[in-house]
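Here are the chains, one letter per residue:
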Amino acid sequence: MAQNTKKISIVGSGLIGQNWSMIFAGAGYNVCLFDVDPAQLERAKSNISSTLQRYEKDGLMRGTGTAVEQSTRVSTSTSLEECLRSTFYVQECVPENLELKTKVFAQIDNVIGDDVIVASSSSCLVASSFTEKCNHRDHMLVAHPINPPYFIPLVEMVPAPWTKPEVMATTRTLMEEIGQSPVSLKRECPGFALNRLQYACINEAWNMYQSGLLSAEDIDKVCYDGLGPRYAFIGPLETMHLNADGIVDYCKRYAEGAVDVQNKTFKPIPTLYDVPTAEKIQAEYNTTIPLDKIQNKRQWRDNRLAALAKLKKEMGKS
Ligand code: NAI
């Protein structure tokens, strides 16, 4: 991948802004990072440089060029206008707050030209809630990454009702070009797609734990040693397709049992405000992951996700 002279603008230089910067810089883009907090911008620049060097040393760095070369593709600016000058794509990464996102999108809207695409990293807020009054709202959408985006490639692209289809298409192509894995929702939907699936899984995990069927450790194991390895390569619908002679055959063979289990034994959606159950689960984790070891375990998780991402890249798509 050759050095790309096109410019990407990132607004907000926290965890997600830094990740997007490294991903775009790895793909050869010139990245300009803006933040309202100049000290944070300094920290972000230094983090990006040290993180890329660590990834390079560990063989985990993405894209082309050395860590130093990739770092020099990332510049910072304390002026939003300067950050957005001559850009063709803006990735907004400010905190998840409706008032703030509305304000920041209005500021971006005032500065950009007609062809610029502006995507929000929003994990919950839908684009229609903060772009409605923008002049360029048909060029605005949500492009939601998954933490840590450098190693988890999925990006959920969610249009507002007024987002142009060609803006979705161009963003999808860009995401693929930089090595992410985009999915396109046809319309806005609370929870987008990943969290809707995740909530379904959490709900049944919670209900099984609450009814005393399995320990928390064993419920987690069902996922990381059962569903997880399979889902790292194929999704639930393809699983059905492969576990019989096609998905139609699967439904003929297994629908009755699956529907029966759910109709007869599934409980209503649990309330996660259920602090006593949460305290019981946490007491179990106190022996394996006490609160003061959570940061270590996060690091452990990210190292393994990095190794998996590398393996999947080496294996290719098919
Ligand atoms: P963060 O708190 O780490 O970083 C936010 C940055 O925005 C800070 O550096 C802050 O100084 C800056 N900021 C605040 N107001 C600003 C303004 N008016 N203009 C420019 N910069 C401003 O937040 P994080 O975690 O990076 O999240 C950013 C977005 O990404 C949120 O919408 C969040 O929901 C989403 N997201 C977060 C994930 C996560 O796991 N942290 C995963 C996926 C999406």
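Every chain begins its residue count from 1, and numbering advances along the sequence as written. In view of the model being predicted, local features appear only for residues whose pLDDT reaches at least 70, and side-chain atom pairs are presented and counted only at 80 or more, with totals across whole chains, interfaces and linings using the full set of residues. Neither water nor hydrogens contribute to the side-chain values; these are computed over all heavy atoms in the structure.

Draft legend 1. Seen up close, the pattern of salt bridges. A carboxyl oxygen of Asp or Glu within 4 Å of a side-chain nitrogen of Lys or Arg is what we treat as a salt bridge. The tally for this structure, following the rule as stated, stands at nine salt bridges. Among the salt bridges present, the one from Lys57 reaches Asp58, with a minimum N-O distance of 4.0 Å. Exposure categories follow from relative accessible area, calculated using a 1.4 Å probe and restricted to protein chains: below 20% of the type maximum is buried, above 50% is exposed, and the middle band is partly exposed. Classification of Lys57 by relative accessible area gives exposed; the value is 70%. The salt bridge involving Asp245 is made with Arg253; its shortest N-O contact spans 3.7 Å. Classification of Asp245 by relative accessible area gives exposed; the value is 67%.

Draft legend 2. The nonpolar core, seen in detail. Within this scheme, the nonpolar core is defined by two criteria: the residues are buried Ala, Val, Leu, Ile, Met, Phe, Trp, Tyr or Cys, and they are joined through side-chain atoms within 4.5 Å. Membership of the largest hydrophobic core comes to 36 residues, with the highest contact counts inside it found for Phe24, Tyr89 and Ile178. Only DSSP runs of H or I reaching four residues or more are called helices, and only runs of E reaching two or more are called strands; each is numbered from the N terminus. Elements with a minimum of two residues in this core: β1 (7-11), α1 (15-26), β2 (30-34), α2 (38-57), β5 (117-120), β6 (140-145), β7 (154-159) and α7 (165-177). Those residues within four positions of Phe24 in sequence are excluded, and the remaining contacts are Ile8, Ile10, Tyr29, Val31, Tyr89, Leu174, Met175 and Ile178. Among the nonpolar cores identified, the runner-up in size contains 26 residues, and Ile108, Val116, Leu125 and Phe192 belong to it. Throughout, a residue-residue contact means that at least one pair of heavy atoms, one from each residue, lies within 4.5 Å.

Draft legend 3. Broad picture of the packing of α1 against α2. Axis definition: a line fitted to C-alpha atoms, limited for helices to the stretch in contact. Angles are taken between N-to-C directions and run from 0 to 180 degrees. Between α1 and α2, whose axes approach to 10 Å, the crossing angle comes to 50°. Relative to α2, the element α1 lies oblique. Crossing of α1 against α2: the hand is right-handed. In this structure, α1 contributes Gln18, Ser21 and Met22 to the contact, and α2 contributes Gln40, Ala44, Asn47, Ile48, Thr51, Leu52 and Tyr55. Note that Gly is not counted as nonpolar here; it falls among the polar residues with everything else outside the nonpolar set of Ala, Val, Leu, Ile, Met, Phe, Trp, Tyr, Cys and Pro and the charged set of Asp, Glu, Lys and Arg. The class makeup of the residues in the contact of α1 with α2 is five nonpolar, five polar and no charged. Any angle between 65 and 115 degrees counts as roughly perpendicular, while under 35 counts as roughly parallel, over 145 as roughly antiparallel, and the rest as oblique. With the far helix as reference, a near helix turned anticlockwise by less than a right angle produces a left-handed crossing, and one turned clockwise produces a right-handed crossing.

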